[in-house]
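Analysis of the macromolecular model
What follows is the residue order along each chain.
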Amino acid sequence: MRRPTLLALLGSATLLSACIVEAPGGASPNERRQAVVSQVPPLSVRNGANFEDKVELVAATVQPGRIAPGEGARVTAYFKVLKPLEEDYIIFVHVEDAEGRAERLNIDHKPAGGLYPTTQWKPGETVKDEFNIVLPPGSAARALNIWMGFWDPKTDARLQLKNPDAVRNDGRSRILLAQVPVAQP
């Protein structure tokens, strides 16, 4: 018997393919304004994960806060840039059944829809990154864990978590962004 599989869809059709498509040559001023926020929304879940003193995950939102089988949720993460990043990192996202009964889903993606690579991030900015998750109809999951971090596809290395005692993590620089309850029919 096959285990149920979690499905996720990203907002961009190009991200649905198996390969990662290179982002355009840089963000325009308008694209940068869309990716950078002046403040984090007040209803966000605060985090504080520090990745190599270069970037801090300050907060995240999941809307709606409960997901039902066959429905989706929009996840928004807010990253405070502490120091320049020399590499164009991918944000890796792993969505897992909190009870481990379904296969993990990878929603790895370039930040800000590929419009604002990490090498362009400026210290002091707060960068907003958004993606969608969709739970398939008939899923038996009672909760979903959303894990994330930064990954360099050239070296297969992750940005290392500097404060593992301060945030929920798995010991491999993968932090628990949120646990989303699943509405039962």
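What you see is a predicted model; the values in this text were computed from it and never measured.

What to know about the packing of aromatic side chains
A complete count under the given rule lists five aromatic pairs for this structure. Each ring, one from Phe79 and one from Phe150, has its centre 5.1 Å from the other, and the planes form 65 degrees; the classification is edge-to-face. Of this pair, Phe79 sits in strand 4 (residues 72-81) while Phe150 sits in strand 8 (residues 143-152); the two residues are 71 residues apart in sequence, bridging distant segments of the chain. A relative accessible area of 1% places Phe79 in the buried class. In this structure Phe150 comes out as buried when scored by relative accessible area, which is 1%. Considering the side-chain rings of Tyr89 and Phe150, the 6.5 Å spacing of their centres and the 85 degrees angle between planes classify their relative orientation as edge-to-face.

Focus on unusual backbone geometry
Geometrically, the link from Gln63 to Pro64 is a cis peptide bond, its omega value of -5 degrees lying close to zero. Along the chain, the position of Pro64 falls in the loop between strand 3 (55-63) and strand 4. One non-glycine residue with positive phi stands out, namely Asp53, at about 55 degrees. Of note in the backbone geometry, Asp156 takes a positive phi value of approximately 60 degrees without being a glycine. Take Asp156: it is sitting in the loop between strand 8 and strand 9 (157-158).

Structural notes on the pattern of salt bridges
Oppositely charged side chains are able to pair whenever their charged atoms sit close together. For the coordinates displayed, the defined rule picks out ten salt bridges. Between Arg142 and Glu99 there is a salt bridge; the shortest N-O distance is 2.8 Å. Of this pair, Arg142 sits in the loop between strand 7 (126-134) and strand 8 while Glu99 sits in the loop between strand 5 (90-97) and strand 6 (105-106); the two residues are 43 residues apart in sequence, bridging distant segments of the chain. Judged by relative accessible area, Arg142 falls into the exposed class, the value being 51%.

Here's the deal with the pairing of strand 8
Regular strands have side chains that alternate between both faces of the sheet. Within strand 8, ten of the ten residues are buried, which leaves it mostly tucked inside the rest of the structure. Here strand 8 pairs with strand 10 (residues 175-181) via six bridges, running antiparallel. Bridge assignment links Trp147 to a residue of strand 10, and that residue is Leu176. Examined bridge by bridge, strand 8 and strand 9 share two bridges and lie antiparallel to one another. Along strand 9, the bridge assignment pairs Trp151 with Arg158. Hairpin connection between strand 8 and strand 9: a loop of four residues separates the two successive antiparallel strands, and Asp156 in this loop has a positive phi of roughly 60 degrees.

Definitions and limits used
Counting restarts for each chain, with residues numbered from 1 along the sequence as it is written. Where totals are concerned, whole chains, interfaces and linings use all residues; where local detail is concerned, this predicted model gives features only for residues with pLDDT of at least 70, and gives and counts side-chain atom pairs only at 80 or more. Water and hydrogen atoms play no part in the side-chain values, which are based on all heavy atoms of the structure. Put simply, two rings from Phe, Tyr or Trp (the six-membered ring, in Trp's case) pair if the centres are within 6.5 Å, and we call them stacked under 30 degrees between planes, edge-to-face over 60, tilted for the rest. In this description a helix means any DSSP run of H or I spanning at least four residues, a strand means any run of E spanning at least two, and both kinds are numbered starting from the N terminus. Only protein chains enter the area calculation, which uses a 1.4 Å probe; residues under 20% of their type maximum are buried, those over 50% are exposed, and those in between are partly exposed. What counts as a salt bridge is simple: a side-chain nitrogen of Lys or Arg found within 4 Å of a carboxyl oxygen of Asp or Glu. Only strands joined by at least two bridges in the DSSP assignment are considered to pair.

Remember that the coordinates give geometry; whether it matters functionally is a separate question.
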